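Reading the structure
Below, each chain spelled out in residue letters.
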Amino acid sequence: MSEDPFVAHRSLLFTVAYEMLGSAADAEDIVQEAWLRWAALGDAGRGEVRDPRAYLVRVVTRLCLNRQRTLARRREDYVGEWLPEPLLTSPDVAEDVELAESVSIAMLRVLETLRPTERAVFVLREVFDVPYDEIAEALDKSSPAVRQIATRARQHVAARRPRMSVSRSEQEQVVERFLAALTTGDVPALLDVLAPDVLVVGDGGGLAPTIPKPVRGASKIASVMGQFAELVPDPRGLVAELNGSVALRIDPGGEHDTAVSFVIEDGRITEIYAVRNPHKLQRLNETAQLTR
């Protein structure tokens, strides 16, 4: 008996929804709604679907666009800076360079600056290589209109995305230098590993203390970071694979406390994203199944 198409494409559908929403919780809800609609077709209806993958992606896309309206209202009431929900990922994600970049916290933040339709078009076309005519059908637009949206979205993202990608070994070296400086309170070493104009963004959601707004500049943050030695006295086991990149998990006493993601260029850290909202750390015990 062949595998049900929904089961076969479930990881893909979750990945599409996560990239469109930046929230694993909402992505799971979308996948569940898509399953209910797929199941409601019945055996006969499902048998008439010529391309189940395209059909299911179309369903998820429309559900995500509807969910965006709810999320927009939720973000208006959010306390402090909002960051995407970090995910524990497998080495397979990191090996797919394009997928790893597309699910990185930095890229998801860039995608947040797109309009919902632009984000949908960019994700479907640039990440999942969905044909324009299929995207047009999912969005109830003409193919030429979708091409125009795609061009606009690509230009928008290109102007804001991190400029360079680095190897995993370089990521590990830089993060280990950062961690060593952090856990020893070595401010000069921190200044050496941080880019002069490094950006730091914290997300506590009003539920955990963090910096109230983004801070830019190594000199402004190195002395503050140097005080974290007591929080993470033992650097072992802190390095993790989050969103396809080398990152840090700070779990004092076994409790999820902070997930830290980085952007690295030319051997230095240019961006730091620290998620402390406990609601966004609940899935760090389970590896997310992401695929294209």
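One can find the structure itself at the top, above this paragraph.
Below: a short report on this structure. (Residues numbered from 1 in each chain as written. Predicted model: local features only at pLDDT ≥ 70, side-chain atom pairs only at ≥ 80, totals over all residues. Heavy atoms only, no water.)

1. What about the layout of surface pockets?
For the largest pocket, the calculated volume is near 580 Å³. For the largest pocket, the lining is made up of 27 residues, of which Glu101, Ser165, Val166, Gln171 and Ser245 are closest to its centre. Every element with two or more residues in the lining of the largest pocket is listed here: α5 (91-95), α6 (97-102), α7 (105-111), α11 (168-184), β3 (239-242), β4 (245-250) and β5 (258-265). Considering each element in turn, the lining of the largest pocket owes the most residues, 4 residues, to β5. Looking at the lining of the largest pocket, its residues break down into 15 nonpolar, 8 polar and 4 charged. (1 Å grid on protein atoms, 1.4 Å probe; cavity = no way out; pocket = protein on both sides within 12 Å on 5 of 7 lines; lining within 4 Å. Points joined across faces, edges and corners; volume = space filled by probe spheres on them. Helix = DSSP H or I, 4+ residues; strand = E, 2+ residues; numbered from the N terminus. Nonpolar A, V, L, I, M, F, W, Y, C, P; charged D, E, K, R; others polar.)

2. Points about helix α1 (residues 5-21)
Given a rise of 1.5 Å per residue, 17 residues ought to cover 24 Å, and the 23 Å separating the end C-alpha atoms of α1 matches this to within 8%. The set of residues buried in α1 consists of Phe6, Leu12, Leu13, Phe14, Thr15, Val16, Ala17, Tyr18, Glu19, Met20 and Leu21. Of the surrounding elements, those touching the buried residues of α1 are α2 (24-40), α4 (52-76), α6, α7 and α8 (116-127). The distance from a side-chain oxygen at the start of α1 to the backbone nitrogen of Phe6 is 2.7 Å, and the residue carrying that oxygen is Asp4. Immediately downstream of α1, the backbone of Gly22 shows phi near 75°, a positive value. (Expected span 1.5 Å × (residues − 1). Buried < 20%, exposed > 50% of the residue type's maximum accessible area, 1.4 Å probe, protein only. Contact = heavy atoms within 4.5 Å. Polar contact = N/O pair within 3.5 Å; in protein donor to acceptor, adjacent residues only side chain to side chain.)

3. A few points about the packing of α1 against α8
Here α1 crosses α8 at 135°, and the two axes come no closer than 9 Å. Classified by the interaxial angle, the pair formed by α1 and α8 is oblique. In the packing of α1 onto α8, the handedness of the crossing is right-handed. For the pair α1 and α8, the contacting residues are Val16, Tyr18, Glu19, Met20 and Leu21 in the first and Arg119, Ala120, Val123, Leu124 and Val127 in the second. Looking at the contact of α1 with α8, its residues break down into 8 nonpolar, no polar and 2 charged. (Axes fitted to C-alpha atoms, helices over the stretch in contact; angles between N-to-C directions. Parallel < 35°, antiparallel > 145°, perpendicular 65-115°, else oblique. Left-handed = near helix turned anticlockwise from the far one by under 90°.)

4. Brief notes about the pattern of salt bridges
Taken as a whole, this structure holds 24 salt bridges when the rule is applied. Arg62 serves as the salt-bridge partner of Asp140, at 3.4 Å between the closest nitrogen and oxygen. Here the residue Asp140 occupies a position in the loop between α9 (132-139) and α10 (143-158), and Arg62 occupies one in helix α4, the gap between them amounting to 78 residues. Salt-bridge contacts for Glu101 lead to Arg161; the nearest nitrogen and oxygen are separated by 3.2 Å. Residue Glu101 is located in helix α6, and its partner Arg161 is located in the loop between α10 and α11; the two are separated by 60 residues in the primary sequence. Residue classification places Glu101 among the partly exposed positions, given a relative accessible area of 32%. The exposure class of Arg161 is partly exposed, given its relative accessible area of 26%. Residues joined in a network through salt bridges with shared partners are Asp26, Asp29, Glu33, Arg67 and Arg74. (Salt bridge = Lys/Arg side-chain N within 4 Å of Asp/Glu carboxyl O.)

5. Here's the deal with unusual backbone geometry
Of note in this structure, Asp129 is not a glycine but carries a positive phi near 55°. With respect to the secondary-structure elements, Asp129 resides in the loop between α8 and α9. One non-glycine residue, Asn243, adopts positive backbone phi at about 50°. Tracing the backbone shows Asn243 in the loop between β3 and β4. By relative accessible area, Asn243 is classed as buried at 2%.

6. So, the sheet that holds strand β2 (residues 215-216)
Across the sheet, which stays open at both edges, the 6 strands sit in the order β2-β1-β6-β5-β4-β3 with mixed pairing between neighbours. Of all strands in the sheet, those with a lone pairing partner are β2 and β3, marking the two edges. With 3 bridges connecting them, β4 and β5 associate as antiparallel partners. Within β5, the position partnered with Arg249 by the bridge is Ala259. (Pairing = 2+ DSSP bridges.)

7. Here we look at the packing of α2 against α4
Direction vectors running N to C along α2 and α4 enclose 135°, while the axes themselves pass 9 Å from each other. Taken as axis vectors, α2 and α4 run oblique relative to one another. Crossing of α2 against α4: the hand is right-handed. Across the interface between the two elements, Asp26, Asp29, Ile30, Glu33, Ala34, Arg37 and Trp38 of α2 pack against Pro52, Tyr55, Leu56, Val59, Val60, Leu63, Cys64, Arg67, Leu71 and Arg74 of α4.

8. Comments concerning the nonpolar core
Of all hydrophobic cores here, the largest spans 53 residues; its most connected members are Phe14, Tyr18, Met20, Val60 and Leu111. Phe14 has contacts with Ala24, Ala27, Glu28, Val31, Leu87, Gln289 and Leu290, leaving out every residue within four places of it along the chain. Val166, Leu182, Phe262 and Ile264 belong to the second largest nonpolar core, which has 26 residues in total. (Core = buried A, V, L, I, M, F, W, Y, C linked by side-chain atoms within 4.5 Å.)

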